[in-house]
Amino acid sequence: MTRTDLLALDAETLAALANRGLVKRAARDLAAGAGATVTAEPDATLTGRFPDGTTVTLAPGAGLDRGTCTCAAPGVCRHLIGLVLAHQRAAGNPPAAPAPVTAPAPPAPEAPEWRPWSPGDTGDEELVAAVGARAVAAARRALARGYTARLTHPGPDQPAARAELPTCTVRFPVRDAVAHAVTDAADAVRGEAVALAVWAFRAAVEADRAHPPARIDVGGTASGRKGTAALDGCGPLLADLLLDGAAHTGPVLPGTLGRVRDELAAGALHWPAGVLTDVLDQLAAYEGRDARFRAEELAALLGEADARARGGSGAFLGSGERGDTPLRRVRLTALGCRISGTPADRTAEVYLGHGGAGIALVLRRRWAVPEDAEPTGAVLARRRIAGSTLGALATGNVVSEVASRTPGRAVTLGTSRVAATGVTPVGNAWAELPEPLLVRDFAAHARALRRRPPRFARPRVEAEAVHVLAVEAVGEPGYDPARQELRATVRDAAGTAARLVAPYNPYSPGGLDALAEALRGGEPAGPLLVSGFVRVTADGLVVDPLGVRTGTGTVVPDLAPAPRRPVARLPHTVPPAPGDPVALALHGALSALATVTVHGLRRLPAGAGTALSDAADALARRGLATTAERLRRVPAALAEEGPEAAVRPWLDAQLRLLTAVELHARGD
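Residues numbered from 1 in each chain as written. Predicted model: local features only at pLDDT ≥ 70, side-chain atom pairs only at ≥ 80, totals over all residues. Heavy atoms only, no water.

**Quick look at the overall build of the chain**
Just so we agree on the cut-off: Secondary structure elements are defined from DSSP: runs of H or I of at least 4 residues count as helices, runs of E of at least 2 residues count as strands, and each element is numbered from the N terminus. Using a 1.4 Å probe on the protein chains alone, a residue whose accessible area is under 20% of its type maximum counts as buried, one over 50% counts as exposed, and one in between counts as partly exposed. Whether two residues are in contact is decided by their heavy atoms: any pair within 4.5 Å suffices. For every accessible area listed, the method is Shrake-Rupley and the probe measures 1.4 Å; residues are considered covered only by the protein chains on display.
When helices and strands are counted, the chain shows 21 helices and 28 strands. Looking at the 668 residues of the chain, the share that counts as buried comes to 51%. In the chain, the proportion of contacts linking residues at least 24 apart, taken out of those at least 6 apart, comes to 66%. Split by element, the accessible area of the chain, about 30,000 Å² in all, is 53% carbon and sulfur.

**Topic: the pairing of strand S12 (residues 345-354)**
Heads up, the rule is: Whether two strands pair depends on DSSP finding at least two bridges between them.
Among the 10 residues in S12, 10 count as buried, and that is most of the element. Burial along S12 is two-sided: the face carrying Asp345, Thr347, Glu349, Tyr351 and Gly353 and the face carrying Arg346, Ala348, Val350, Leu352 and His354 are both buried. Where S12 lies against strand S13 (residues 359-368), 10 bridges are found, and the strand directions are antiparallel. Note that in S13 the partner of Arg346 across the bridge is Trp367. Taken together, S12 and the strand that follows it, S13, pair antiparallel across an intervening segment of four residues, in which Gly358 is found at a positive phi of about 70 degrees.

**Concerning helix H11 (residues 270-287)**
Given 3.6 residues to a turn, an α-helix orients residues that are three or four positions apart in the same direction. We apply this condition: By this rule, a helix spans an expected 1.5 Å times one less than how many residues it contains.
Helix length check: H11 (18 residues) gives 26 Å between terminal C-alpha atoms against 26 Å at 1.5 Å per residue, within 8%. With 13 of 18 residues buried, H11 lies mostly within the body of the structure. Count one or two residues on from H11 and you reach Arg289, which has phi positive near 55 degrees.

**Observations concerning the sheet that holds strand S17 (residues 403-405)**
Pairing is antiparallel across the open sheet formed by three strands, whose spatial order is S10-S17-S18. Each edge of the sheet is formed by a strand with only one pairing partner; in this case those strands are strand S10 (325-326) and strand S18 (411-413). Where S17 and S18 come together, three bridges link them in antiparallel fashion. Looking across to S18, one finds that Arg405 is bridged to Val411.

**Describing the packing of helix H9 (residues 234-244) against helix H21 (residues 647-665)**
As a reminder of what qualifies: What counts as an axis is a line fitted to C-alpha atoms, over the stretch in contact for a helix, and the angles between N-to-C directions run from 0 to 180 degrees. Here the angle decides the label: under 35 degrees means roughly parallel, over 145 means roughly antiparallel, 65 to 115 means roughly perpendicular, and every other value means oblique. Residue type decides the class: Asp, Glu, Lys and Arg count as charged, Ala, Val, Leu, Ile, Met, Phe, Trp, Tyr, Cys and Pro as nonpolar, and the leftover types, Gly among them, as polar.
One can describe the packing of H9 onto H21 by two numbers: an axis separation of 10 Å at closest approach and a directional angle of 95 degrees. Of the possible angle classes, the one that applies to H9 and H21 is roughly perpendicular. Contact residues: Ala239, Leu242 and Leu243 in H9; Val647, Trp650 and Leu651 in H21. Looking at the contact of H9 with H21 residue by residue, the classes come out as six nonpolar, no polar and no charged.

**With respect to the pattern of salt bridges**
The condition is simple: Salt bridges are defined by distance alone: a side-chain nitrogen of Lys or Arg within 4 Å of a carboxyl oxygen of Asp or Glu.
For the coordinates displayed, the defined rule picks out 37 salt bridges. Between Arg209 and Asp121 there is a salt bridge whose closest N-O contact spans 3.1 Å. Of the two residues, Arg209 is situated in the loop between helix H7 (190-207) and strand S9 (215-218) and Asp121 in the loop between helix H4 (78-90) and helix H5 (124-131); the sequence distance between them amounts to 88 residues. Given the relative accessible area of 42%, Asp121 is considered partly exposed. Between Asp290 and Arg292 there is a salt bridge, with its nearest N and O atoms 3.7 Å apart.

**A short note on the packing of aromatic side chains**
Selection criterion: For this analysis, a ring pair means two rings from Phe, Tyr or Trp (six-membered ring only for Trp) whose centres lie within 6.5 Å, classed as stacked if their planes differ by under 30 degrees, edge-to-face if by over 60, and tilted for the remaining angles. The criterion is that NZ of a Lys, or CZ of an Arg, lies within 6 Å of the ring centre and within 35 degrees of the ring normal, and then a charge sits over that ring.
The final tally for this structure, using the stated rule, is three aromatic pairs. With centroids separated by 4.9 Å and ring planes inclined at 70 degrees, the aromatic side chains of Tyr286 and Phe293 adopt a geometry described as edge-to-face. Judged by relative accessible area, Phe293 falls into the buried class, the value being 17%. Considering the side-chain rings of Tyr351 and Phe533, the 5.2 Å spacing of their centres and the 85 degrees angle between planes classify their relative orientation as edge-to-face. Of this pair, Tyr351 sits in strand S12 while Phe533 is found in strand S26 (residues 528-537), placing the two residues 182 residues apart along the sequence. Taking relative accessible area as the criterion, Phe533 reaches 23% and is therefore assigned partly exposed. Arg289 extends its terminal NZ or CZ atom over the ring of Tyr286, reaching a point 5.3 Å from the ring centre.

**Details of the nonpolar core**
The condition is simple: Within this scheme, the nonpolar core is defined by two criteria: the residues are buried Ala, Val, Leu, Ile, Met, Phe, Trp, Tyr or Cys, and they are joined through side-chain atoms within 4.5 Å.
Counting residues in hydrophobic clusters, the biggest one holds 57 residues, and the most contacted among them are Val279, Leu631 and Trp650. Where this core is concerned, the elements lending two or more residues are H9, helix H10 (252-266), H11, helix H12 (295-311), helix H18 (581-599), helix H19 (608-621), helix H20 (625-640) and H21. Considering every element that reaches this core, the biggest residue donor is H18, with 10 residues. When sequence neighbours within four positions are dropped, the list of residues in contact with Val279 reads Leu241, Leu257, Leu298, Leu301 and Leu302. Counting 35 residues, the second largest nonpolar core, distinct from the first, contains Ala142, Leu196, Ala197 and Phe201.

**As for the side chain of Arg405**
Rule in force here: Between N or O atoms, a polar contact is any pair within 3.5 Å; within protein, one atom must be a potential hydrogen donor and the other a potential acceptor, and residues adjacent in sequence are included only when both atoms are from side chains.
Mapped onto the elements, Arg405 comes out in strand S17. For Arg405, a relative accessible area of 0% corresponds to the buried category. Separated by 3.4 Å, the side chain of Arg405 and the backbone oxygen of Leu165 make a polar contact. Of note is the side chain of Arg405, whose polar atom sits 3.1 Å from the backbone oxygen of Pro166.

**Some thoughts on the pairing of strand S21 (residues 466-471)**
The side chains of a regular strand alternate between both faces of the sheet. Convention followed: When the strands point away from the viewer, a crossover counts as right-handed if the path from the first strand over the helix to the second runs clockwise.
Most of S21 is tucked away, with six of its six residues classed as buried. Every second residue of S21 is oriented toward a common face, with Val466, Val468 and Ala470 on one face and His467, Leu469 and Val471 on the other, all of them buried. As for the winding sense of the linkage, the β-α-β connection from strand S20 (residues 438-439) through helix H16 (residues 442-450) to S21 is right-handed. Strand direction decides the pairing type here: S21 and S26, joined by six bridges, are antiparallel. Across the sheet, residue Ala470 finds its bridge partner in S26, namely Leu529.

Structural data, given as structure tokens:
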């Protein structure tokens, strides 16, 4: 009896399910006559017997990880791979063997007519057979909490289905065979991830089979969310903070916020938990007179926390998955590094492209600053991280067997005596990244960014703005001495322009010089690749660069040493036009609201109410009548009913202004 699902397993899929070395060895054994003799039972169970006495068995509908083998190797061993290869040869298929990297690709066979399918068509009985009852039970607990998935549905041009879960990615390379799904999750949680992906596709098909959505919230019931009670308790705590302000908050409120944050995390409501973590950081910064405190940032966090607490859906509540998911052997591509800090510490954030998932992750490390030192990015580049240096990690390919990922897309690299993390030169990996992580069409990416919902309604993930831009032409860089910014115009293959704006970083004094040299030296060696934080404005894309890949190597400005010789002076750019009056009015209103987060509604200084009314008048003069009316309700409530009555108008006005600022900035 021929198992058609096994016939569809090509060399790349087998290597992803096990590893390339095992596939090569199994292929050599088969070619040398040491392969398995395969027998099939009436129920399609396959048994393979090898000349050395090893016996393997694979039940129908089960993945390779659920096969049994009499050898001592854990997991998917070479004998299970050998069973598949022997079965393929017996059925008339040539044995799968990974081709050498330098070998030319064989001519593609004529593709059969494509028929619609979805992993969601898999029933739960088939799912249990594929991944096991224990994995399905664990997945049901996550389903009860609710989670969000982004889906790539199979089609004629994209036969493999893919689901991006909050902490891992699952790909289905073989149609109608979820047992052979490939995921970057570690083996211990592979089955759970596959089940969650199948249910996400099922929910999408049930929503609209003809046009299933690409993003869907799955599961989640009030009884299943352990953090629901904690989420309901956020409102009174936010009100207390607004009433007293950071200046008058004692130790009790931060302690209570910390307990609520922990309850939210325990209930897998990671996004609101992350907001409270940032609120606590701002309060600690204020208490310690730390430069990280910003009243506008605290105000924005309070508005976001209120929006997510009131949202009531998976898109607002966050992932129902575990807080930290271990990954199997994963390959990440460094996209650069950003250095920040305070007089007391320095923080390095290394941004890593995950090609298999098509997303960017961030690895963060912080160091205390000695009293007699002021380390720059160039000095920090020599610090050790995961067996390598920060400089090598920020410019290389990272292959790790001890990585884990959070729902917020932060990654950690662990240490182990039996598993390792290796760093190799990045080579041409940037150019091989998938879209939209790699942006080739600036205009199309700008349109995609404009279609996104406001920040508070999106998944709360780090590095969501990090991309690599394929640049075909670079204008002469210029320097704006007033704002201490390097600016340049870059263009894609179609000639669409994007603006590169790099502010001076005091912790990396050689950064702008290194960036200018990289931009000037990219031609005529070939197209540049520029990584950075990409946003959209009314005029198109704007990128704050993290790194530049030229024909001679990778330049990370924040880790660059000061130049040994003077760099040619950059021409001064034309001073920017006077500020956008609408943007000035919006930011003025946000600044007036932010005063409340410092002093509190109960102790607002004289003139604060007048400042709010003046800010509302400025909005009205710019045509923002509805937003102005929302803002006027704050001083009106204060004057007529007291501080407690002004809490809700403050939160409503803050959220309205945050949305208006974001939409106006991107030209909507």
